[in-house]
Amino acid sequence: MNFSLGYIKNDNQFLLRQFGGKERDRGKIMDLDELKEANLQGLIYNESFLTEETRPSLIELTRFFPLRKGEEFSLSHEAFEDLDDDNAQKIFSKMSEPWVLSNNLSLLEELFKVTTHLKNLYPNERTTFFEELWFILKSNLGASELKIVYNDIQLAKKETEKNKLVRGKVEGTRTPVPTPGGEAEDHLMKHYEKDFNQSFEVSEYDPHKGQLVLTASINNSPLLVMAKVNQLTRLQKALLSTLLEGLQSHN
(Lines give C-alpha, C1' and ligand atoms only; values in the text may rest on other atoms or scores of the structure.)
Protein backbone atom coordinates (compact mmCIF):
# COMPACT_ATOMS: atom_id res chain seq x y z
CA MET A 1 0.00 0.00 0.00
CA ASN A 2 1.21 3.47 -0.88
CA PHE A 3 1.03 6.06 1.88
CA SER A 4 2.58 9.37 2.89
CA LEU A 5 3.96 10.60 6.20
CA GLY A 6 5.07 14.02 7.32
CA TYR A 7 7.70 15.02 9.88
CA ILE A 8 7.74 18.54 11.30
CA LYS A 9 11.23 19.89 10.62
CA ASN A 10 11.05 23.17 12.54
CA ASP A 11 8.59 25.92 13.50
CA ASN A 12 7.98 26.75 9.83
CA GLN A 13 8.43 23.60 7.76
CA PHE A 14 7.71 19.88 7.51
CA LEU A 15 9.04 17.12 5.28
CA LEU A 16 6.48 15.11 3.30
CA ARG A 17 7.55 11.66 2.05
CA GLN A 18 5.74 9.05 -0.03
CA PHE A 19 6.29 5.35 0.72
CA GLY A 20 5.44 2.14 -1.12
CA GLY A 21 6.23 3.36 -4.64
CA LYS A 22 8.53 1.73 -7.16
CA GLU A 23 11.19 4.38 -6.67
CA ARG A 24 12.40 5.81 -3.40
CA ASP A 25 10.96 9.21 -2.66
CA ARG A 26 13.38 11.71 -1.11
CA GLY A 27 10.55 13.90 0.09
CA LYS A 28 9.40 17.47 -0.26
CA ILE A 29 9.90 20.28 2.24
CA MET A 30 6.70 22.28 2.69
CA ASP A 31 5.52 25.21 4.79
CA LEU A 32 3.60 24.32 7.95
CA ASP A 33 0.65 26.33 6.62
CA GLU A 34 0.30 23.68 3.90
CA LEU A 35 -0.59 21.04 6.50
CA LYS A 36 -4.17 22.27 6.18
CA GLU A 37 -4.37 20.87 2.64
CA ALA A 38 -1.56 18.31 2.43
CA ASN A 39 -2.37 14.72 1.47
CA LEU A 40 -0.77 12.61 4.18
CA GLN A 41 -1.78 9.69 6.38
CA GLY A 42 0.25 10.51 9.46
CA LEU A 43 2.31 13.31 11.01
CA ILE A 44 5.33 13.02 13.31
CA TYR A 45 6.73 15.83 15.45
CA ASN A 46 9.39 16.34 18.10
CA GLU A 47 8.24 16.72 21.69
CA SER A 48 9.85 20.16 21.83
CA PHE A 49 7.47 21.34 19.08
CA LEU A 50 4.39 20.74 21.23
CA THR A 51 3.67 24.03 23.04
CA GLU A 52 0.57 25.81 24.24
CA GLU A 53 0.67 27.78 21.00
CA THR A 54 0.92 24.80 18.63
CA ARG A 55 -1.29 22.36 20.56
CA PRO A 56 -4.73 23.58 19.26
CA SER A 57 -3.73 23.36 15.58
CA LEU A 58 -2.18 19.89 16.08
CA ILE A 59 -5.26 18.59 17.89
CA GLU A 60 -7.42 19.84 15.00
CA LEU A 61 -5.35 17.76 12.57
CA THR A 62 -6.16 14.52 14.41
CA ARG A 63 -9.56 14.62 12.69
CA PHE A 64 -7.78 13.74 9.46
CA PHE A 65 -4.82 11.53 10.42
CA PRO A 66 -2.82 10.28 13.43
CA LEU A 67 -0.13 12.38 15.10
CA ARG A 68 2.71 10.88 17.11
CA LYS A 69 5.95 12.07 18.68
CA GLY A 70 9.14 11.01 16.93
CA GLU A 71 10.56 10.06 20.34
CA GLU A 72 8.03 7.21 20.55
CA PHE A 73 9.79 5.51 17.64
CA SER A 74 13.30 6.79 18.45
CA LEU A 75 12.97 8.59 15.12
CA SER A 76 14.71 11.89 14.54
CA HIS A 77 14.06 14.12 11.56
CA GLU A 78 17.37 13.02 10.05
CA ALA A 79 16.43 9.34 10.46
CA PHE A 80 13.04 10.03 8.86
CA GLU A 81 14.83 11.41 5.79
CA ASP A 82 16.53 8.02 5.32
CA LEU A 83 13.62 5.80 6.38
CA ASP A 84 13.00 2.83 4.06
CA ASP A 85 9.59 1.49 3.07
CA ASP A 86 9.60 -1.52 5.41
CA ASN A 87 10.38 0.49 8.55
CA ALA A 88 8.03 3.26 7.44
CA GLN A 89 5.24 0.67 7.13
CA LYS A 90 5.89 -0.54 10.71
CA ILE A 91 5.78 3.00 12.04
CA PHE A 92 2.70 3.82 10.00
CA SER A 93 0.87 0.77 11.40
CA LYS A 94 1.78 1.79 14.94
CA MET A 95 0.36 5.25 14.21
CA SER A 96 -2.72 4.26 12.24
CA GLU A 97 -4.09 1.29 14.18
CA PRO A 98 -4.67 3.06 17.54
CA TRP A 99 -6.07 6.10 15.74
CA VAL A 100 -8.55 4.01 13.76
CA LEU A 101 -9.49 2.03 16.87
CA SER A 102 -10.19 5.29 18.72
CA ASN A 103 -12.42 6.41 15.84
CA ASN A 104 -14.21 3.04 15.90
CA LEU A 105 -14.92 3.32 19.62
CA SER A 106 -16.10 6.92 19.27
CA LEU A 107 -18.51 5.91 16.50
CA LEU A 108 -19.73 2.97 18.55
CA GLU A 109 -20.49 5.28 21.48
CA GLU A 110 -22.37 7.74 19.23
CA LEU A 111 -23.89 5.20 16.82
CA PHE A 112 -27.56 5.90 17.53
CA LYS A 113 -27.02 9.66 17.32
CA VAL A 114 -25.03 9.34 14.09
CA THR A 115 -27.52 7.06 12.33
CA THR A 116 -30.45 9.26 13.38
CA HIS A 117 -28.69 12.34 11.99
CA LEU A 118 -27.82 10.61 8.70
CA LYS A 119 -31.33 9.19 8.26
CA ASN A 120 -32.72 12.71 8.56
CA LEU A 121 -30.37 13.91 5.82
CA TYR A 122 -30.90 11.03 3.39
CA PRO A 123 -34.32 11.83 1.85
CA ASN A 124 -33.78 15.47 0.87
CA GLU A 125 -30.08 16.28 1.29
CA ARG A 126 -28.49 13.38 -0.55
CA THR A 127 -25.16 15.07 -1.36
CA THR A 128 -24.63 16.22 2.23
CA PHE A 129 -25.56 12.73 3.43
CA PHE A 130 -22.87 11.11 1.28
CA GLU A 131 -20.27 13.74 2.16
CA GLU A 132 -20.79 12.98 5.86
CA LEU A 133 -20.90 9.21 5.26
CA TRP A 134 -17.65 9.53 3.27
CA PHE A 135 -15.88 11.15 6.22
CA ILE A 136 -17.23 8.56 8.67
CA LEU A 137 -16.08 5.68 6.47
CA LYS A 138 -12.68 7.23 5.80
CA SER A 139 -11.85 7.88 9.45
CA ASN A 140 -13.17 4.50 10.62
CA LEU A 141 -11.36 2.56 7.92
CA GLY A 142 -8.22 4.68 8.11
CA ALA A 143 -8.40 5.00 4.33
CA SER A 144 -5.83 6.99 2.37
CA GLU A 145 -8.32 7.27 -0.50
CA LEU A 146 -12.05 6.66 -0.55
CA LYS A 147 -14.75 6.84 -3.19
CA ILE A 148 -18.51 6.32 -2.89
CA VAL A 149 -20.68 5.77 -5.97
CA TYR A 150 -24.44 5.95 -5.49
CA ASN A 151 -27.76 6.46 -7.26
CA ASP A 152 -29.38 9.86 -7.23
CA ILE A 153 -32.48 11.44 -8.71
CA GLN A 154 -32.24 14.35 -11.15
CA LEU A 155 -35.49 16.24 -10.77
CA ALA A 156 -37.41 17.13 -13.90
CA LYS A 157 -37.20 20.79 -14.91
CA LYS A 158 -40.44 20.78 -16.89
CA GLU A 159 -43.89 19.32 -16.27
CA THR A 160 -43.59 17.25 -19.45
CA GLU A 161 -40.33 15.64 -18.26
CA LYS A 162 -39.80 12.79 -15.79
CA ASN A 163 -37.34 12.54 -12.94
CA LYS A 164 -34.15 10.79 -14.07
CA LEU A 165 -31.98 8.23 -12.27
CA VAL A 166 -28.32 9.37 -12.34
CA ARG A 167 -25.03 8.34 -10.72
CA GLY A 168 -23.38 10.48 -8.10
CA LYS A 169 -19.95 10.10 -6.56
CA VAL A 170 -18.03 11.48 -3.61
CA GLU A 171 -14.29 10.93 -3.53
CA GLY A 172 -11.10 12.34 -2.10
CA THR A 173 -7.98 11.77 -0.04
CA ARG A 174 -8.60 14.18 2.82
CA THR A 175 -11.99 15.79 2.37
CA PRO A 176 -14.98 14.66 0.26
CA VAL A 177 -15.49 16.10 -3.22
CA PRO A 178 -18.95 15.44 -4.71
CA THR A 179 -19.29 15.31 -8.52
CA PRO A 180 -21.68 13.71 -11.01
CA GLY A 181 -20.82 10.14 -11.96
CA GLY A 182 -20.03 9.14 -15.54
CA GLU A 183 -19.54 6.11 -17.73
CA ALA A 184 -16.89 4.65 -15.43
CA GLU A 185 -19.27 4.75 -12.47
CA ASP A 186 -22.02 3.13 -14.57
CA HIS A 187 -19.66 0.26 -15.40
CA LEU A 188 -18.65 -0.14 -11.75
CA MET A 189 -22.24 -0.32 -10.55
CA LYS A 190 -23.05 -2.84 -13.28
CA HIS A 191 -19.99 -4.94 -12.40
CA TYR A 192 -20.99 -5.26 -8.72
CA GLU A 193 -24.73 -5.44 -9.39
CA LYS A 194 -25.09 -8.95 -7.92
CA ASP A 195 -23.56 -7.82 -4.59
CA PHE A 196 -26.14 -5.16 -3.74
CA ASN A 197 -28.75 -7.48 -2.13
CA GLN A 198 -27.35 -6.93 1.39
CA SER A 199 -27.23 -3.76 3.51
CA PHE A 200 -23.45 -4.32 3.78
CA GLU A 201 -20.98 -6.68 2.12
CA VAL A 202 -17.18 -6.87 1.79
CA SER A 203 -17.03 -7.69 -1.92
CA GLU A 204 -13.25 -7.55 -2.39
CA TYR A 205 -10.27 -7.08 -0.12
CA ASP A 206 -6.58 -7.45 -0.99
CA PRO A 207 -4.59 -6.99 2.26
CA HIS A 208 -1.27 -6.79 0.40
CA LYS A 209 -2.33 -3.94 -1.86
CA GLY A 210 -4.76 -2.49 0.70
CA GLN A 211 -7.55 -2.41 -1.88
CA LEU A 212 -11.06 -2.67 -0.48
CA VAL A 213 -14.46 -2.76 -2.17
CA LEU A 214 -17.62 -2.56 -0.06
CA THR A 215 -21.14 -2.88 -1.45
CA ALA A 216 -24.21 -1.76 0.42
CA SER A 217 -27.84 -0.86 -0.05
CA ILE A 218 -29.88 1.82 1.68
CA ASN A 219 -33.62 1.33 1.25
CA ASN A 220 -32.94 -0.80 -1.86
CA SER A 221 -30.73 1.91 -3.37
CA PRO A 222 -27.21 0.57 -4.06
CA LEU A 223 -23.95 2.24 -3.10
CA LEU A 224 -20.38 1.22 -3.81
CA VAL A 225 -17.37 2.07 -1.66
CA MET A 226 -13.78 1.76 -2.94
CA ALA A 227 -10.93 2.47 -0.55
CA LYS A 228 -7.23 2.02 0.11
CA VAL A 229 -6.70 0.84 3.68
CA ASN A 230 -3.89 -0.37 5.90
CA GLN A 231 -6.02 -3.14 7.43
CA LEU A 232 -9.58 -4.39 7.83
CA THR A 233 -10.53 -5.73 11.27
CA ARG A 234 -13.56 -7.63 12.56
CA LEU A 235 -14.50 -4.58 14.63
CA GLN A 236 -14.48 -2.34 11.56
CA LYS A 237 -16.62 -4.76 9.57
CA ALA A 238 -19.11 -5.26 12.42
CA LEU A 239 -19.32 -1.52 13.12
CA LEU A 240 -19.88 -0.50 9.51
CA SER A 241 -22.38 -3.31 9.01
CA THR A 242 -24.35 -2.05 12.03
CA LEU A 243 -24.12 1.55 10.78
CA LEU A 244 -25.46 0.65 7.32
CA GLU A 245 -28.18 -1.56 8.76
CA GLY A 246 -29.19 1.31 11.05
CA LEU A 247 -29.71 3.58 8.02
CA GLN A 248 -32.50 1.40 6.63
CA SER A 249 -36.11 2.52 6.98
CA HIS A 250 -38.09 -0.32 8.49
CA ASN A 251 -41.46 1.39 8.46
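Since the structure is predicted, the reported quantities are computational estimates derived from the model, not experimental observations. (Residues numbered from 1 in each chain as written. Predicted model: local features only at pLDDT ≥ 70, side-chain atom pairs only at ≥ 80, totals over all residues. Heavy atoms only, no water.)

Some details on the overall build of the chain
Turning to step 1, where the next piece is worked out: For the chain, the count of helices and strands is seven helices and 11 strands.
Turning to step 2, where the next piece is worked out: Relative to the 2.2 N^0.38 estimate, which gives 18 Å for 251 residues, the radius of gyration of the chain is 20 Å and therefore close to what a compact globule would have.
Turning to step 3, where the next piece is worked out: Each of the three principal axes of the chain carries a C-alpha extent, and together these read 65 × 40 × 40 Å.
Turning to step 4, where the next piece is worked out: In the chain, the share of contacts with a sequence separation of at least 24, taken over all contacts with a separation of at least 6, comes to 57%. (Helix = DSSP H or I, 4+ residues; strand = E, 2+ residues; numbered from the N terminus. Rg over C-alpha atoms; globule rule 2.2 N^0.38 Å. Contact = heavy atoms within 4.5 Å.)

Some details on the side chain of Gln-236
Turning to step 1, where the next piece is worked out: Along the polypeptide, Gln-236 turns up in helix α7 (residues 234-246).
Turning to step 2, where the next piece is worked out: A relative accessible area of 1% means that Gln-236 is categorised as buried.
Turning to step 3, where the next piece is worked out: For Gln-236, the side chain forms a polar contact with the main-chain oxygen of Asn-140, separated by 2.9 Å.
Turning to step 4, where the next piece is worked out: Discounting residues that sit within four places of it in the chain, Gln-236 has contacts with Val-100, Asn-104, Asn-140, Leu-141 and Gln-231. (Buried < 20%, exposed > 50% of the residue type's maximum accessible area, 1.4 Å probe, protein only. Polar contact = N/O pair within 3.5 Å; in protein donor to acceptor, adjacent residues only side chain to side chain.)

As for helix α6 (residues 183-191)
Turning to step 1, where the next piece is worked out: All of the buried residues in α6 are Glu-185, Leu-188 and Met-189. All buried residues of α6 fall inside an arc of 95 degrees around its axis, so they share one side. Turned more than 90 degrees off the buried face of α6, the exposed positions are Glu-183, His-187, Lys-190 and His-191.
Turning to step 2, where the next piece is worked out: Close packing links the buried residues of α6 with β6 (145-154), β7 (164-172) and β11 (221-228). (Arc of directions from axis to C-beta.)

Focus on unusual backbone geometry
Turning to step 1, where the next piece is worked out: Although it is not a glycine, Asn-219 adopts a positive phi angle of roughly 55 degrees.
Turning to step 2, where the next piece is worked out: Despite not being glycine, Asn-220 shows a phi value in the positive range, around 70 degrees.

Focus on the sheet that holds β6
Turning to step 1, where the next piece is worked out: Read across the open sheet, the six strands follow the order β8-β7-β6-β11-β10-β9; overall the sheet is antiparallel. Lying at the two open borders of the sheet, with one neighbouring strand each, are β8 (177-180) and β9 (200-206). Each adjacent strand pair in this sheet contributes to an overall mean axis angle of 20 degrees, direction not counted.
Turning to step 2, where the next piece is worked out: Relative to β7, β6 runs antiparallel, the two being bridged by nine bridges. What sits directly across from Asp-152, in β7, is Val-166.
Turning to step 3, where the next piece is worked out: In the packing of α6 onto the sheet, the strands contacted are β6, β7, β9 and β11, and the crossing angle to β6 comes to about 95 degrees.
Turning to step 4, where the next piece is worked out: Taken strand by strand, α7 contacts β9, β10 (211-218) and β11, and its axis lies near 145 degrees from that of β9. (Pairing = 2+ DSSP bridges. Axes fitted to C-alpha atoms, helices over the stretch in contact; angles between N-to-C directions.)

A word on the packing of helix α5 (residues 126-141) against α7
Each pair of packed helices can be described by the angle between their axes along with the distance between the axes.
Turning to step 1, where the next piece is worked out: Axis separation between α5 and α7 bottoms out at 11 Å; the angle between their running directions is 165 degrees. Classified by the interaxial angle, the pair formed by α5 and α7 is roughly antiparallel. Of the two elements, α5 crosses α7, and the hand of that crossing is right-handed. Contacts between α5 and α7 pair Leu-133, Ile-136, Leu-137, Asn-140 and Leu-141 from the former with Gln-236, Leu-239, Leu-240 and Leu-243 from the latter. (Parallel < 35°, antiparallel > 145°, perpendicular 65-115°, else oblique. Left-handed = near helix turned anticlockwise from the far one by under 90°.)

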